[in-house]
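# Inside the fold
Residues per chain, in single letters:
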Amino acid sequence: MPVTPTLKIKVWDWPTRLFHWLLVFSVSGAWISSFREYLLMEHVWFGHTVVGLLVFRIVWGWIGNGFARFREFVTGPQIVWEYAKMRFRNKAPRILGHNPLSAWMTVSLLLVLLGITLSGAVTLAGEEWIGPLAKYFSMEQGRFAKGIHVWLSYALLSLVTIHVLAAFLESFALRENLILAMISGFKRPPLEVETPLEKDKYSNGIKSVYPDVKLQYWFLSGFVLVVFALTVGVSFDYRTPLTQEALAEQQSPEHQLYMSECGSCHFGFHPSLLPHRSWEKMMSDLENHFGEDAWLDAETTQAILDYLGKNDAEHFQSEASFNLMENVADNELPLRITKIPYWLMKHEEISEQIYKRKSVRSPLNCGACHGYAEYGSFEDGHIRIPK
Ligand code: HEC
Ligand code: HEC
């Protein structure tokens with residue numbers, strides 16, 4: 001005679017449930033914000049949240065409550081295969097926590113997310129030149145990482161689709177709302193008829209619930225504190241699209257000299273916008289500088305040339321310099337930044353009227369529209385066309 005269960009059994013502890021839904025939230029946010037370049041910082045924030053959640057979940061997989069622990073649900077390939085066969089014949093025992101198949105879905109999701117966040121951090125460092133890794137990766141490495149980042153994101157999307165479909169299908173098959181169970185934490189207890197001895201082979205059930213509650217509380221409160229400190233630290237570091245080191249470099253007397261000599265008639269163009277050979281050529285003939293006489297004594301010329309040499313397109317690789325140089329051949333000698341195809345392409349939609357505005361005056365006035373142009377950064381998030 002079937003028994004109608006009235007009791008409920010706690011399967012998912014609150015940290016696991018909170019983790020699950022925060023992960024849904026931050027992955028969705030990261031996905032949506034990835035469609036627009038100017039939402040990059042939002043995208044990065046969602047990414048950071050995912051990293052925090054992953055760290056939490058991995059630790060919780062060791063110290064969490066019974067069903068949250070990896071050793072509770074991760075099984076070897078043979079058991080997965082056996083279970084899968086039974087599942088498709090609709091003969092699988094009901095398992096309270098993760099069954100062997102959903103266990104591997106969980107592990108795959110965690111691993112793919114780990115790969116996505118790591119490759120994302122490298123992309124950010126190499127391509128956008130921001131974040132704690134900014135110093136360590138080149139533009140090429142950043143681009144390579146971006147390929148992996150995008151590819152893994154598609155993999156994640158497929159996994160999530162299967163995961164959600166499976167949750168719905170299982171809910172119907174077991175006549176138990178699994179989505180609700182991830183909100184409330186409760187499931188109905190195993191029935192007599194559902195408890196073949198074999199079940200223990202697939203899941204240790206609630207036998208392994210011996211969590212060290214004290215340790216859990218230490219970890220949870222420590223975790224919150226560390227995440228808080230990191231958030232403050234990281235937002236400080238991401239305040240500008242420049243590393244602190246690069247900013248300090250720009251405060252140097254060499255930079256000041258350059259800006260006062262070459263930033264008086266027009267905006268002081270960042271050295272990274274032209275290759276070394278262009279600067280050399282320009283500095284060798286300052287008397288005939290675009291129809292003006294910009295003569296400087298030999299000593300000053302040399303000091304400026306040294307400064308340019310340390311920060312030209314070959315030495316100071318930002319997203320802007322990389323893109324500008326990408327379609328300039330080695331035998332070309334560009335003297336005007338504003339004649340480089342990439343520059344023309346990026347500004348073709350800006351009308352004459354805008355350039356005529358008092359607040360802009362000329363296409364050469366990069367700093368009017370690009371915050372941080374003086375430092376060689378042309379991030380999308382800092383472009384503002386003034387009124
Ligand atoms: C006496 C004024 C004056 C000084 C000083 C001066 N320039 Fe110029 N520069 C000009 C003029 C004028 C142009 C052409 C502007 C135009 O076409 O609208 C120009 C154009 C340029 C361009 C090309 C910009 C583009 O993309 O069209 C570069 C690069 C440049 N200057 C670099 C320098 C450097 C480096 C120094 C310092 C050694 C310097 N300038 C000092 C007047 C000056
Ligand atoms: C009137 C405003 C204005 C001025 C002046 C201006 N830009 Fe821009 N620039 C823009 C806008 C707007 C975009 C973004 C175009 C887009 O979204 O594709 C842009 C894009 C760019 C990009 C591409 C950014 C990226 O992420 O790929 C670079 C590099 C750049 N500008 C460099 C310069 C330089 C160097 C100067 C000065 C010689 C300059 N700009 C002057 C408005 C301006």
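Here the focus is the overall build of the protein chain. Counting its secondary structure elements, the protein chain contains 17 helices and 2 strands. Residues counted as buried form 43% of the 387 residues belonging to the protein chain. For the protein chain, the computed accessible surface area is about 22700 Å², with 65% contributed by carbon and sulfur atoms.

This part covers the confidence of the model for the protein chain. Residues at a pLDDT of 70 or more form 88% of the protein chain, whose mean pLDDT is 86. Mean pLDDT across the elements of the protein chain ranges from a minimum in helix α8 (residues 199–202), with 49, to a maximum in helix α12 (residues 276–283), with 96. Contacts of residues 204–208 to residues separated by more than four positions or lying in other chains number 10 contacts, the stretch itself having pLDDT below 50.

Taking 1.5 Å of rise per residue, 20 residues should cover 28 Å, and helix α1 (residues 14–33) covers 28 Å from first to last C-alpha, within 8% of that figure. Among all positions in α1, only P15, T16, R17, F19, L23, S26, G29, A30 and S33 are buried.

What follows covers the packing of α12 against helix α13 (residues 298–311). Where α12 meets α13, the axes come as close as 10 Å, and the angle between the chain directions of the two elements is 170 degrees. Our classification of the angle between α12 and α13 gives roughly antiparallel. Residue-level inspection shows H276, W279, E280 and M283 of α12 in contact with α13, the latter providing T301, I304, L305, L308 and G309. Of the residues contributing to the contact of α12 with α13, the split by class is 5 nonpolar, 3 polar and 1 charged.

Overall, the coordinates contain 1 cavity of 30 Å³ or more when judged by the stated rule. Looking at the largest cavity, its volume works out to about 50 Å³. Considering only residue class, the lining of the largest cavity consists of 4 nonpolar, 3 polar and 3 charged.

The calculated volume of the second largest pocket comes to roughly 580 Å³. Together, 25 residues line the second largest pocket, and C262, H266, F269, H289 and F290 are the ones closest to its centre. Breaking the lining of the second largest pocket down by element, the ones donating at least two residues are α11 (253–262) and α12. Of the residues contributing to the lining of the second largest pocket, the split by class is 17 nonpolar, 4 polar and 4 charged.

Conventions adopted
- Residues numbered from 1 in each chain as written.
- Chains lettered and ligands numbered in written order.
- Predicted model: local features only at pLDDT ≥ 70, side-chain atom pairs only at ≥ 80, totals over all residues.
- Heavy atoms only, no water.
- Helix = DSSP H or I, 4+ residues; strand = E, 2+ residues; numbered from the N terminus.
- Buried < 20%, exposed > 50% of the residue type's maximum accessible area, 1.4 Å probe, protein only.
- Areas by Shrake-Rupley, 256 points an atom, 1.4 Å probe, with all protein chains shown as cover.
- pLDDT = per-residue confidence, 0-100.
- Contact = heavy atoms within 4.5 Å.
- Expected span 1.5 Å × (residues − 1).
- Axes fitted to C-alpha atoms, helices over the stretch in contact; angles between N-to-C directions.
- Parallel < 35°, antiparallel > 145°, perpendicular 65-115°, else oblique.
- Nonpolar A, V, L, I, M, F, W, Y, C, P; charged D, E, K, R; others polar.
- 1 Å grid on protein atoms, 1.4 Å probe; cavity = no way out; pocket = protein on both sides within 12 Å on 5 of 7 lines; lining within 4 Å.
- Points joined across faces, edges and corners; volume = space filled by probe spheres on them.

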